[in-house]
Amino acid sequence: MTQIDEFEESEEKAIQRSDSFQIATNLFLSFKYAGQGVSYAFRTQRNFRIHLIIGTIALSLSLYFKLSAVACSIISLTIALVLVLELLNTALEAVVDLTVGREFHQLAKIAKDCAAGAVLIAAIAALLIAGALLLPHILLAFA
């Protein structure tokens, strides 16, 4: 790839991102930008898709087994927590990559690892909570 090609490609990316530095002037734009963030995570982050699928299964099972509203709420909140942390992890990784580029930096590694660790802890907690609420019903269904 020539320098001209690289410049044109970076110019195209800059045009695509030109609205990313603007402040949302109305509520619709705020939702649009938020939707773009969720869409980006869904398209590019395998773990986000995995968490979403597992969360959908857990929520579907809680509805299928007619768990109480409180139990469904708890499962929903833990799913949301994992997805929110996954979005924050993605954002933090992007900012770190923007800051350090392609060079290795120990503090960048620590930041990324800690953010990923936060997602892991939340995912394990969500799995334990969903298991505690759903497992008795699943065992009864197969008994």
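J.: I'm lost on the pattern of salt bridges in this one. Help?
T.: As a working rule, side chains carrying opposite charge can pair if their charged atoms are close by. Enumeration according to the criterion identifies two salt bridges in this entry. Here Asp97 ties to Lys112 by a salt bridge, and the two come within 2.5 Å at their closest N and O atoms. In this pair, Asp97 sits in helix α4 (residues 69-100) while Lys112 sits in helix α5 (residues 106-142), placing the two residues 15 residues apart along the sequence. Asp97 gets classed as partly exposed once you look at its relative accessible area, which sits at 37%. The exposure class assigned to Lys112 is partly exposed, which follows from its relative accessible area of 24%. Salt-bridge contacts for Lys109 lead to Asp113; the nearest nitrogen and oxygen are separated by 2.5 Å. Of the two residues, Lys109 and Asp113 are both situated in helix α5; the distance of four residues between them amounts to about one turn of the helix. A relative accessible area of 37% means that Lys109 is categorised as partly exposed.

J.: Is there a simple way to explain α4 in this structure?
T.: Since one α-helical turn is 3.6 residues long, residues separated by three or four positions face the same way. The end-to-end C-alpha distance of α4, which contains 32 residues, comes to 46 Å, matching closely the 46 Å that a straight helix rising 1.5 Å per residue would cover. Residues of α4 that are buried include every one of Ala71, Cys72, Ile75, Thr78, Ile79, Val82, Leu83, Glu86, Asn89, Thr90 and Val96, and no others. In the core, the buried residues of α4 are packed alongside α2 (27-44), α3 (46-64) and α5. One or two steps after α4, the chain reaches Gly101, where phi turns positive at roughly 65 degrees.

J.: Would you mind showing me how to read the environment of Tyr40 here?
T.: Within the fold, Tyr40 resides in helix α2. Looking at Tyr40, the relative accessible area reads 40%, which means it is partly exposed. Placed 50 residues apart in sequence, Tyr40 and Thr90 show a C-alpha to C-alpha distance of 9.5 Å. Those residues in contact with Tyr40 that lie beyond four places of it in its chain are Gln45 and Thr90.

J.: Could you clarify how one ought to interpret the packing of α2 against α3 in this entry?
T.: Working note: a packed helix pair is described by the angle between its axes plus the distance between those axes. At a closest axis distance of 5 Å, the pairing of α2 and α3 adopts a crossing angle of 100 degrees. Considered as vectors, α2 and α3 are oriented roughly perpendicular to each other. Here Val38, Ala41, Phe42, Arg43 and Thr44 of α2 lie close against α3, whose contacting residues are Arg46, Phe48, Arg49 and Leu52. Its residues placed into classes, the contact of α2 with α3 shows five nonpolar, one polar and three charged.

So, how was this worked out
- Residues numbered from 1 in each chain as written.
- Predicted model: local features only at pLDDT ≥ 70, side-chain atom pairs only at ≥ 80, totals over all residues.
- Heavy atoms only, no water.
- Salt bridge = Lys/Arg side-chain N within 4 Å of Asp/Glu carboxyl O.
- Helix = DSSP H or I, 4+ residues; strand = E, 2+ residues; numbered from the N terminus.
- Buried < 20%, exposed > 50% of the residue type's maximum accessible area, 1.4 Å probe, protein only.
- Expected span 1.5 Å × (residues − 1).
- Contact = heavy atoms within 4.5 Å.
- Axes fitted to C-alpha atoms, helices over the stretch in contact; angles between N-to-C directions.
- Parallel < 35°, antiparallel > 145°, perpendicular 65-115°, else oblique.
- Nonpolar A, V, L, I, M, F, W, Y, C, P; charged D, E, K, R; others polar.

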